[in-house]
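Examining the three-dimensional arrangement
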Amino acid sequence: MGAIARAQPNIALIKYWGKRDAERNLPAVGSISITLDDLFTETSVDLDDVTDSDRLSVNGEDRPDLLPRVSACLDTVLGADRPRARVSSRSNFPLAAGLASSASSFAALVVAAVAAGGLNRTTAELASLAGRASGSAARSLYGGFVELRNDADGIVVGSILDGDAWPLRVVAAITEPGVKPVGSGEAMEISRKTSPFYARWVEQQARDLDTARGAIADRDFRRLASIAEHNCLKMHSIMWASRPPMVYWNAATMRCLQTVRKLQGQGADVFFTIDAGPQVKAVCTAESLADVEAALQATPGVVDVMTTGLGEGARLEQDA
Ligand code: PMV
């Protein structure tokens, strides 16, 4: 049995940082994201092989180093007594560099594994399974604007607005294509245990989520811009104040923020957000897109610029 699924990464506007239950990988806070369109991960899962161990290839290369997380995800989806799997994954953007590749990778893996195993799961169940592997992956099961909420038993994820209803654009400025030094799962545990700002972050998140949800419902760009930048800078402040400190930014990251401020001063509808990596994602309206692309491309230290709109949730491409 084999299946192929495709999923897009998502970018959080109100961020997830910190776990309330490390074993079940449950987030300490809710989050709101946008699912992207043109960046994607396509993953095939093949359960036909008569082998005694799982195999993983990523962009055509064998990656035994990444296998433990993939095998653990397959155990969660298919049960520990499952057949061994051959997993092959391909992404059209840099991996593990702060572009949410774990979100698209695990969302696609879960959808393909469920189909390969001949199982039926609702989208909500798929989201919970993906969230076990990577908190942000749960959001990539849905398209457009997505909210992840905590409830007593786990997480509840759903789309709060279609991408077509407010077709924002995202310009990702790549400042360093290499793999990040500390993975987000490990980094957020260090923050939870050591950052003096962590408790306040958890306490204030409900308010930030309310503001963002209201701004999205009203399509109020400036209100969304203000809360998203604030939430992003708060998350990075937690990291900077952690022990050891975690600073994912480089000089070009900072220059991109200055570029965004300058564009805002000129009246452009744009705001920035940054995840656990040095890349800057500028979210903007279609009207401001050309100016935002040109300004980020011209920012010293930016090695590449990728533009995308908002897209759909993860889906099955082929089921054999
Ligand atoms: O899902 P993870 O473990 O890769 O964590 C994602 C954390 C951030 O990208 C920094 C924020 C978010 O909500 O996506």
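Residues numbered from 1 in each chain as written. Predicted model: local features only at pLDDT ≥ 70, side-chain atom pairs only at ≥ 80, totals over all residues. Heavy atoms only, no water.

Here we come to helix H1 (residues 67-78). The terminal C-alpha atoms of H1 lie 16 Å apart, and with 12 residues this matches the ideal 16 Å at 1.5 Å per residue to within 8%. Those residues of H1 lying buried are Leu67, Val70, Ser71, Cys73, Leu74, Val77 and Leu78. Looking straight down H1, one finds its buried side chains confined to an arc of 160 degrees; they lie on one side. Buried residues along H1 sit against strand S7 (55-58), strand S9 (86-91), helix H2 (101-116) and helix H3 (123-133). (Helix = DSSP H or I, 4+ residues; strand = E, 2+ residues; numbered from the N terminus. Expected span 1.5 Å × (residues − 1). Buried < 20%, exposed > 50% of the residue type's maximum accessible area, 1.4 Å probe, protein only. Arc of directions from axis to C-beta. Contact = heavy atoms within 4.5 Å.)

Next up on the list: the site of the ligand. The ligand sits among 14 residues. The nearest are Tyr16, Ser134, Ser136, Arg139 and Ser184. Residue tyrosine 16 places a main-chain N or O atom 2.8 Å away from an oxygen atom belonging to the ligand. Serine 102 places a polar side-chain atom, nitrogen or oxygen, 3.2 Å from an oxygen atom of the ligand. Coverage of the ligand by the protein amounts to 92% of the 380 Å² it exposes when considered alone. In the shell around the ligand, the residues fall into six nonpolar, five polar and three charged. (Near = heavy atom within 4 Å. Polar contact = N/O pair within 3.5 Å; in protein donor to acceptor, adjacent residues only side chain to side chain. Areas by Shrake-Rupley, 256 points an atom, 1.4 Å probe, with all protein chains shown as cover. Nonpolar A, V, L, I, M, F, W, Y, C, P; charged D, E, K, R; others polar.)

Owing to its 3.6 residues per turn, the α-helix brings residues three or four apart onto one side. The complete set of buried residues in helix H8 (residues 289-297) reads Leu289, Val292 and Leu296. Each buried residue of H8 lies within a common arc of 65 degrees when the element is viewed along its axis, so the set occupies one face. The exposed residues of H8 that point more than 90 degrees off its buried face are Ala290 and Gln297. On its buried face, H8 is in contact with strand S12 (169-174), helix H7 (251-265), strand S13 (270-273), strand S14 (280-284) and strand S15 (304-308).

To continue, consider unusual backbone geometry. Cis peptide bonds are those with omega within 30 degrees of zero, and the linkage from arginine 243 to proline 244 qualifies with 0 degrees. Relative to the elements of secondary structure, proline 244 occurs in the loop between helix H6 (221-240) and H7. Residues other than glycine seldom take positive phi values, yet asparagine 25 does so here, at roughly 55 degrees. Tracing the backbone shows asparagine 25 in the loop between strand S3 (19-21) and strand S4 (26-27). At arginine 219, a residue that is not glycine, the phi angle is positive and equals roughly 50 degrees. Here arginine 219 lies in the loop between helix H5 (198-217) and H6.

The contact between H5 and H6 brings their axes to 9 Å, and the two run at 160 degrees. Put simply, H5 runs roughly antiparallel to H6. H6 is crossed by H5, and the crossing has left-handed handedness. Between H5 and H6, the contacting residues are Tyr198, Trp201, Gln204, Gln205, Asp208, Thr211, Ala212, Gly214, Ala215 and Ile216 on the first element and Arg223, Leu224, Ile227, His230, Asn231, Lys234, Met235 and Ile238 on the second. Across the contact of H5 with H6, the residue classes tally to nine nonpolar, six polar and three charged. (Axes fitted to C-alpha atoms, helices over the stretch in contact; angles between N-to-C directions. Parallel < 35°, antiparallel > 145°, perpendicular 65-115°, else oblique. Left-handed = near helix turned anticlockwise from the far one by under 90°.)

Right, let's talk about the environment of arginine 24 for a bit. Topologically, arginine 24 is positioned in the loop between S3 and S4. Here the side chain of arginine 24 touches aspartate 153 through a polar contact of 3.2 Å, landing on its backbone oxygen.

By the secondary structure assignment, proline 177 is in the loop between S12 and helix H4 (184-194). The exposure class assigned to proline 177 is partly exposed, which follows from its relative accessible area of 49%. Measuring from C-alpha to C-alpha, the distance between proline 177 and arginine 255 comes to 17 Å, with 78 residues separating the pair along the chain.

Attention now moves to the sheet that holds strand S10 (residues 145-151). Taken together, the four strands give an open sheet; going across it, the order is S2-S5-S10-S11, and neighbouring strands pair in antiparallel fashion. At either end of the open sheet lies a strand with only one pairing partner, and these are strand S2 (10-14) and strand S11 (154-161). Each strand of the sheet is rotated relative to its neighbour by a mean of 30 degrees, with strand direction disregarded. Bridge count between S2 and strand S5 (residues 31-35): four bridges; the pairing is antiparallel. If you follow isoleucine 14 over to S5, its bridge partner there is isoleucine 32. (Pairing = 2+ DSSP bridges.)

Spatially, six strands are ordered S8-S7-S9-S6-S1-S16 in an open sheet, and the strand pairing comes out mixed. Among the strands making up the open sheet, the edge pair consists of strand S8 (61-62) and strand S16 (315-319). The pairing of S7 with S9 spans four bridges and is classified as parallel. When the sheet's bridge partners are listed, valine 58 is paired in S9 with serine 89. Its contacts with the sheet put H2 on strand S1 (2-7), strand S6 (41-46), S9 and S16, and the angle it makes with S1 is roughly 150 degrees.

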